Amino acid sequence: MNKKMNLLMFSGDYDKALAALILANSAREMDVEVTMFFSFWGLFLLRNPETFTLEEKSVYEKMFSMMTPKGPEDLPLSKMNMSGIGKQMLLEMMDDNEAPHLSDFLKGALKKGVKFYGCKLSMEIMGFKQEEMIPELEIVDAKEYLKDALEADMQLFI
Amino acid sequence: MNKKMNLLMFSGDYDKALAALILANSAREMDVEVTMFFSFWGLFLLRNPETFTLEEKSVYEKMFSMMTPKGPEDLPLSKMNMSGIGKQMLLEMMDDNEAPHLSDFLKGALKKGVKFYGCKLSMEIMGFKQEEMIPELEIVDAKEYLKDALEADMQLFI
Amino acid sequence: MNKKMNLLMFSGDYDKALAALILANSAREMDVEVTMFFSFWGLFLLRNPETFTLEEKSVYEKMFSMMTPKGPEDLPLSKMNMSGIGKQMLLEMMDDNEAPHLSDFLKGALKKGVKFYGCKLSMEIMGFKQEEMIPELEIVDAKEYLKDALEADMQLFI
């Protein structure tokens, strides 16, 4: 299909990210162009746990960096998380059905050519540095997101 | 209006479902084609309380079936639910204004020809069986959702 | 750009409203037409703290009026609000980066000609009166929202 899809990833919840990445992978398999724009809590999904750093951060940025999820598998559920028990239950149910996990869908999306944009202002406010994120992430501003989204055939705020 | 609207129902909150079904009913009255695709928590809205079963389910699926809302009027609010007090308050305020409840809008949407799709993968992971859902629900995969959504004039993730 | 964007503001969270108003301001700077339709919790953003009243309201409407946010800076975060501590932290981080606050972006959007629609049914159910809201708010019903949204190039549910 000669179509384009743009997903604004705001929430940073495991279940919502899972839904979005399943859509992104499926769309690429249908030859639909896909852009995902990560802002605010959505950026937690693309943190690289191995390049986590507290250097050159303000006190608030350090606290924030430590208190928040450090990559895809660390994200909570949007509902019924119950300090992780609900999430564990969902993961077991996914395993019973041999459904891949979030990090697998993320790898798939990267491999299939989904475009990954990160919100410049969110990165600055949260004190995240480019090297703390996955290398495929391109940092853009709100206007670059809008240009891409307005040309797409569908847009979702997730 | 010769237009199409596609709503992805993810959240399973009473208030969000209410907003979505008001839009769906209004759109049908304007002769707009409407598809609602229910995935994850959104599926709770379409459970039929009368065909609830625990048979042929794994332990996790049984627990999950019992712990989660069993139909439209059982859904919590997305905010200020306060163990149901906030929801009760909203319902009283709706009654004072003679506004219909969620199940009324659901019946209206079914009658007016809104297309109801359910997400295959979510059904499998949660262990829900077709016969536990309202009979109008057609089970489709992510690609069928995308085909429909990409042809629509507007799409929302709710 | 000769384009139109329509945002359905449902949530009433500080962070989501911030993201939406940054998009609205940026879009106007690109000459994109913008409509924001406020329903349910989204209406809290447009309450005028100076015209707050309890007169001619039912008991529930009074309770609801008092328990809910009374304008933009009063909104909670969608996540990590932690009784306001998380929000305070985010605001300090915004100040460190000299990022404007929500009320600044709201003023900007009003000045730049974003169209502000409020949901008639939500206003009635919550018992909000026109004079309790910012004067720029025009009250419309779901069909007027749909007419506008279906003609837009992108629509988001926030």
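Under an unreviewed UniProt entry, the name given to chain A is Peroxiredoxin family protein, and the organism recorded is Geosporobacter subterraneus DSM 17957.

(A) Inspection of the nonpolar core at higher detail. Core analysis: the biggest nonpolar cluster contains 183 residues, and Met36 of chain A, Met36 of chain B together with Met36 of chain C have the highest contact counts within it. Every residue in contact with Met36 of chain A, bar those within four places of it in the chain, is listed here: Leu7, Met9, Ala20, Leu21, Ala24, Val114, Lys115, Phe116 and Tyr117 of chain A.

(B) Structural detail: empty space enclosed by the protein. Counted by the stated rule, this structure contains ten cavities of 30 Å³ or more. Taken as a whole, the largest cavity encloses approximately 90 Å³ of empty space. Lining the largest cavity are Ser11, Lys16, Phe157 and Ile158 of chain A, Ser11, Lys16, Phe157 and Ile158 of chain B together with Ser11, Lys16, Phe157 and Ile158 of chain C. Grouping the amino acids of the lining of the largest cavity by side-chain chemistry returns six nonpolar, three polar and three charged.

(C) Quick look at the sheet that holds strand β3 (residues 115–119) of chain C. All names here are of chain C. Ordered by their spatial adjacency, five strands build an open sheet running β4-β3-β2-β1-β5, and the pairing between neighbours is parallel. Unpaired on one side and paired on the other, β4 (138–140) and β5 (154–157) mark the two borders of the sheet. In this sheet, neighbouring strand axes are inclined to one another by 25° on average, regardless of whether the strands run parallel or antiparallel. Note that strand β1 (residues 4–9) and β5 share four bridges and pair parallel. Bridge pairing in β5 places Leu8 opposite Phe157. Against the sheet, helix α6 (residues 142–150) contacts β1, β2 (33–38), β3, β4 and β5, and its axis sits at roughly 145° relative to β1.

(D) Inspection of helix α1 (residues 14–29) of chain C at higher detail. Given a rise of 1.5 Å per residue, 16 residues ought to cover 22 Å, and the 22 Å separating the end C-alpha atoms of α1 of chain C matches this to within 8%. At the exit of α1 of chain C stands Asp31 of chain C, carrying a positive phi of roughly 65°.

(E) The relation of the copies chain A and chain C, seen in detail. For the pair chain A and chain C, the superposition axis carries a translation of 0.0 Å, the fit reaches an RMSD of 0.0 Å, and the rotation angle comes to 120°. Each copy turns onto its partner about a three-fold axis. Different-surface contact between copies: only 10% of interface residues of chain A are shared with the interface of chain C.

(F) Seen up close, the interface of chain A and chain C. With 29 residues of chain A in contact, the opposing surface of chain C contributes 34 residues. Here chain A packs against chain C, burying approximately 2,800 Å² in sum over the two surfaces, 78% of which is carbon and sulfur. Between Glu151 of chain A and Lys3 of chain C there is a salt bridge; the shortest N-O distance is 3.8 Å. Taken together, chain A and chain C are joined by seven residue pairs in polar contact (both at pLDDT 80 or more).

(G) A nonpolar patch on the surface, seen in detail. Together, Val59, Met63 and Met67 of chain A together with Met82 and Ile85 of chain C make up an exposed nonpolar region whose accessible area comes to about 470 Å². In terms of residue count, helix α2 (residues 59–67) of chain A provides more of the nonpolar patch than any other element does, three residues in total. Residue position: Val59 of chain A is located in helix α2. Assessed through its relative accessible area of 61%, Val59 of chain A is described here as exposed.

(H) The relation of the copies chain B and chain C, seen in detail. For the match of chain B to chain C, the screw axis carries a shift of 0.0 Å, the RMSD comes to 0.0 Å, and the turn is 120°. A share of only 9% of the interface residues of chain B reappears at the interface of chain C, consistent with the copies meeting through non-equivalent patches.

(I) A look at the packing of aromatic side chains. All names here are of chain A. Scanning all chains against the criterion turns up 24 aromatic pairs over all chains. Residues Trp41 and Phe64 carry aromatic rings whose centres are separated by 6.3 Å and whose planes lie at 35° to one another, so their mutual orientation is tilted. With Trp41 in the loop between β2 (33–38) and α2 and Phe64 in helix α2, this residue pair connects regions lying 23 residues apart in the sequence. Among the residues examined, Trp41 registers a relative accessible area of 1% and is labelled buried.

(J) Structural context of helix α4 (residues 102–111) of chain A. Residue and element names in this part refer to chain A. Of the residues making up α4, those classed as buried are Leu102, Ser103, Phe105, Leu106, Gly108 and Ala109. Contacts made by the buried residues of α4 are with α1 (14–29) and β3 (115–119). At the exit of α4 stands Gly113, carrying a positive phi of roughly 90°.

(K) Expanded view of the packing of α1 of chain C against helix α4 (residues 102–111) of chain C. Residue and element names in this part refer to chain C. Where α1 meets α4, the axes come as close as 9 Å, and the angle between the chain directions of the two elements is 35°. When the axes of α1 and α4 are compared, the crossing they make is left-handed. Every residue of α4 that contacts α1 at Tyr14, Ala17, Leu18, Leu21, Ile22 and Asn25 is listed here: Leu102, Phe105, Leu106, Gly108 and Ala109. Broken down by class, the residue content of the contact of α1 with α4 amounts to nine nonpolar, two polar and no charged.

(L) The arrangement of unusual backbone geometry in detail. The residue Asp31 of chain A is not glycine, and still its phi comes out positive at about 65°. Position of Asp31 of chain A relative to the elements: it lies in the loop between α1 and β2. You can call Asp31 of chain A exposed: its relative accessible area is 56%. Residues other than glycine seldom take positive phi values, yet Met80 of chain C does so here, at roughly 50°. Tracing the backbone shows Met80 of chain C in the loop between α2 (59–67) and α3 (85–96).

(M) Representation of the packing of α1 of chain A against helix α6 (residues 142–151) of chain B in the model. At a minimum axis distance of 9 Å, the contact between α1 of chain A and α6 of chain B shows a crossing angle of 75°. By the angle between their axes, α1 of chain A is roughly perpendicular relative to α6 of chain B. Across the interface between the two elements, Ile22, Leu23, Ser26, Ala27 and Glu29 of chain A from α1 of chain A touch Ala142, Lys143, Tyr145 and Leu146 of chain B from α6 of chain B. Tallied by class, the residues present in the contact of α1 of chain A with α6 of chain B amount to six nonpolar, one polar and two charged.

(N) Expanded view of the environment of Gly84 of chain A. All names here are of chain A. Mapped onto the elements, Gly84 comes out in the loop between α2 and α3 (85–96). With a relative accessible area of 25%, Gly84 lands in the partly exposed category. The sequence separation of Gly84 and Asp74 amounts to ten residues, and the corresponding C-alpha distance is 9.8 Å.

(O) Spotlight on the pairing of strand β3 (residues 115–119) of chain B. All names here are of chain B. Across the five residues that make up β3, a large majority, four, are buried. Inspection of the sheet shows strand β2 (residues 33–38) paired to β3 by four bridges, in the parallel sense. Paired with Phe38 across the two strands is Gly118, which belongs to β3. Handedness of the crossover joining β3 and strand β4 (residues 138–140) through helix α5 (residues 120–126) is recorded here as right-handed.

What counts and what doesn't
Residues numbered from 1 in each chain as written. Chains lettered and ligands numbered in written order. Predicted model: local features only at pLDDT ≥ 70, side-chain atom pairs only at ≥ 80, totals over all residues. Heavy atoms only, no water. Core = buried A, V, L, I, M, F, W, Y, C linked by side-chain atoms within 4.5 Å. Buried < 20%, exposed > 50% of the residue type's maximum accessible area, 1.4 Å probe, protein only. Contact = heavy atoms within 4.5 Å. 1 Å grid on protein atoms, 1.4 Å probe; cavity = no way out; pocket = protein on both sides within 12 Å on 5 of 7 lines; lining within 4 Å. Points joined across faces, edges and corners; volume = space filled by probe spheres on them. Nonpolar A, V, L, I, M, F, W, Y, C, P; charged D, E, K, R; others polar. Pairing = 2+ DSSP bridges. Helix = DSSP H or I, 4+ residues; strand = E, 2+ residues; numbered from the N terminus. Axes fitted to C-alpha atoms, helices over the stretch in contact; angles between N-to-C directions. Expected span 1.5 Å × (residues − 1). Least-squares fit on C-alpha atoms with pLDDT ≥ 70 in both. Buried area = accessible area lost by both parts, 1.4 Å probe. Salt bridge = Lys/Arg side-chain N within 4 Å of Asp/Glu carboxyl O. Polar contact = N/O pair within 3.5 Å; in protein donor to acceptor, adjacent residues only side chain to side chain. Patch = residues over 30% accessible without salt bridge, like charges linked within 9 Å, V, L, I, M, F, W, Y side chains within 5 Å. Areas by Shrake-Rupley, 256 points an atom, 1.4 Å probe, with all protein chains shown as cover. Phe/Tyr/Trp six-rings, centres within 6.5 Å; stacked < 30°, edge-to-face > 60°. Left-handed = near helix turned anticlockwise from the far one by under 90°. Parallel < 35°, antiparallel > 145°, perpendicular 65-115°, else oblique. Right-handed = clockwise from strand over helix to strand, strands pointing away.

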